[in-house]
Structures are given as structure tokens and as C-alpha cells.
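Each chain, letter by letter, is given below.
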Amino acid sequence: MNRLVSQRIWSEDITWHFEFRNPQVPYPLHSHNFNEIVIVFSGTGTHITSESDGTQLKTGDIICVKPGQVHGYKDLDNLVLTNLLIKPNFFSDNELDLSNLPGFSKLFQQDKFNSTDSSDITIFNLNNMQLFEVQALIESMQEEVNNMHMGWEVTSTAFLTQLIILLMRIYDNPNYPDMSNKNGAAKLIKYVEKNFNKNLTMKDLIEHGNMSESTILRTFKRITGYPPFEYQMRQRMYAAIDKLIYTDWDITHIAYDVGFNDSNYFSRCFKKFINMTPRDYRAKYKTER
């Protein structure tokens, strides 16, 4: 069994690190000396421990692994996830004292008397809206790390703290945030997702959602993390990624299919989004069939 230590994973002074796995590959049983939050975005697979034959994973699953606990992956089918790796001193040195919040001990606190008990690994599931919020926070962290503007360490760590609190809230209340008063917003978001490749206007959203422009802007930002048309653009990019990997369509065909009238403009938007041209992305990640 492998034991991974943080120094082998990342050497910076920052107390956390994240890795994107697209896709995650089968991984044998292992443990590490840091906390790990696994966020499953798509695909399926089996999460295994030393005490269990496995738990079936699906979109929206959150796995919280404490230092010393043993786990791994098998039987994977295009499992796409993000690993957030957090050194224990992130929690012990945090002035906010997250340990006092409900759910902290279950998700993150190592039991010094039973630190390797992998049966205590917590797995729970996020609904689509909750997963949107988590994804928005991770992408905000990624943007800070990539740009490294003044104060990026503080800002990105603040996003991580916000993410941890969000996960504890959802674990404590699976319906958080209560969507009972947001059915109209949820339907409007679904409308954008379904029609991402159409030329939507604010007038379309106002008529479909029966909301004012200011309410639409505020609600989209609150739930998804993005203004409505930026959210629509992200849906186009995610669709384009799938088609680049899983089809043999040429770039122009993909551009038109996801809603662009100009393949050159599509390529510029894609490079801005993924920091790689569509052609280069396909060459790197294309799945052999």
C-alpha cells in the first residue's frame, strides 16, 4: 500500500493544493498525511477502502478522507473529479476555528485514537445547484492561482474556507440552500442549460423567468456563480469539450453545434476558457475508441 505525503505532492508553503483528474485513473489503496476532499463532476466508478469492497460513485459525490485513512479507485468509466488536498495545519492555524462548526469532526477531524479507520470516510451527494456553487468556488480559486495577482494566496484561501463551510452546511442540511422560494430561478437556469446553443437575449430570460433584469442577474450570480450569459458560455465550452474528446467532428462542426457562427471566434473563446486551443485540447485528451 502506498502512503503519500504532502511534500511529494506539492512543496509550496501554501497549506492546500488541488488537482484535476480528467479522467481519474484506477488507483490502488493508499493513505496520506493530509485531508482530501474529492468532488465528482461526471462519470462513474467505485471508491474502495481497506474495510469495504467499494461504494459506487456518481456525479455530485463528495468524499472526505482524513489523514491516515486508506482508500482507492477501481472500475472507472470516465470519472472526472477534483482533489482538494489540505494540510492539517490549515485547520489548526485557521483563526476562524472551523472545528466548532457542526459537521467538522465528521468530515475533517482526525480521531487520534482511530486515525486509520477507513470505515469512517464520509461520502455524501450534492444536488445540481449545490454542485454549481462548489464548481464556481473551485474555479475562483483556480483563477487566483493562475493569475497570482497581489494577495492571491489570501483570496484563494478565503475561497477554500468558503467551500469548506458550504460543504459542512450541505452535510448538516442536504437541502441547503432551501430552494422552495427559488423554483423560478431553478427553471430559468435549466432553460439556459437546455438552450445553451441558441442566441438567447435578456428579453428571452425576462419573458421565460417572469423576473426583472436585476433579479435575473442577482439570482444567476448567487446560484451558479456567474452572470447568465457567462454561464451560457460555460455550458457551450463544456459541451465543446465533450465533442472534442468523444466525437470525430471537425472544429467548425463543433463550433456551429454549440452555438457559434464563427469557428475562429469559437477557438478564441475556447482558448480563453481552457488556456488551450480546441485542436491542442483534442490532441492531448482525445479518447481512443
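Residues numbered from 1 in each chain as written. Predicted model: local features only at pLDDT ≥ 70, side-chain atom pairs only at ≥ 80, totals over all residues. Heavy atoms only, no water.

A. Representation of the environment of Asn175 in the model. Along the chain, Asn175 falls in the loop between helix 5 (152–172) and helix 6 (183–194). On the basis of relative accessible area, Asn175 is assigned to the exposed category, the value being 57%. In this structure the C-alpha to C-alpha distance between Asn175 and Asn127, which are 48 residues apart in sequence, comes to 8.5 Å. (Helix = DSSP H or I, 4+ residues; strand = E, 2+ residues; numbered from the N terminus. Buried < 20%, exposed > 50% of the residue type's maximum accessible area, 1.4 Å probe, protein only.)

B. Region of interest: unusual backbone geometry. With an omega of 0°, the peptide bond between Asn22 and Pro23 qualifies as cis. Counting through the fold element by element, Pro23 comes out in the loop between strand 2 (16–21) and strand 3 (27–32). Backbone geometry places Asp75, a non-glycine residue, at a positive phi of 50°. Classification of Asp75 by relative accessible area gives exposed; the value is 58%.

C. Summary view of the packing of helix 9 (residues 228–246) against helix 11 (residues 263–274). Direction vectors running N to C along helix 9 and helix 11 enclose 95°, while the axes themselves pass 11 Å from each other. Considering their axes alone, helix 9 and helix 11 lie roughly perpendicular with respect to each other. The segment helix 9 lies against helix 11, with Met233, Arg234, Met237, Tyr238, Ala240, Ile241 and Leu244 engaging Tyr265, Phe266, Cys269, Phe270, Phe273 and Ile274. Residues of the contact of helix 9 with helix 11, tallied by class, amount to twelve nonpolar, no polar and one charged. (Axes fitted to C-alpha atoms, helices over the stretch in contact; angles between N-to-C directions. Parallel < 35°, antiparallel > 145°, perpendicular 65-115°, else oblique. Contact = heavy atoms within 4.5 Å. Nonpolar A, V, L, I, M, F, W, Y, C, P; charged D, E, K, R; others polar.)

D. Representation of the nonpolar core in the model. Ile37, Ile39, Phe108, Leu160 and Ile164 are the most contacted members of the largest nonpolar core, which totals 33 residues. For this core, the secondary-structure elements that each account for two or more residues are strand 2, strand 4 (35–49), strand 6 (61–65), strand 7 (71–86), helix 2 (88–92), helix 3 (104–107), helix 4 (128–147) and helix 5. Among the elements that line this core, the one with the most residues is helix 5, at eight residues. Ranked by size, the runner-up nonpolar core spans 18 residues in total, among them Phe132, Ala136, Tyr191 and Val192. (Core = buried A, V, L, I, M, F, W, Y, C linked by side-chain atoms within 4.5 Å.)

E. Summary view of the pattern of salt bridges. What the rule picks out here adds up to seven salt bridges. Close ionic contact of Asp61 with Lys58 constitutes a salt bridge, the shortest N to O distance being 3.6 Å. Since its relative accessible area comes to 2%, Asp61 is described here as buried. On the basis of relative accessibility, which here comes to 45%, the residue Lys58 falls in the partly exposed class. In this structure, Lys106 engages Asp120 in a salt bridge whose closest nitrogen and oxygen atoms are separated by 3.1 Å. You can see Lys106 sitting in helix 3 and its partner Asp120 sitting in the loop between helix 3 and strand 8 (122–125), a full 14 residues away along the chain. For Lys106, a relative accessible area of 33% gives the class partly exposed. Residue classification places Asp120 among the partly exposed positions, given a relative accessible area of 26%. Ionic contacts of the salt-bridge type, sharing partners, join the residues Lys66, Lys106 and Asp120 into one network. (Salt bridge = Lys/Arg side-chain N within 4 Å of Asp/Glu carboxyl O.)

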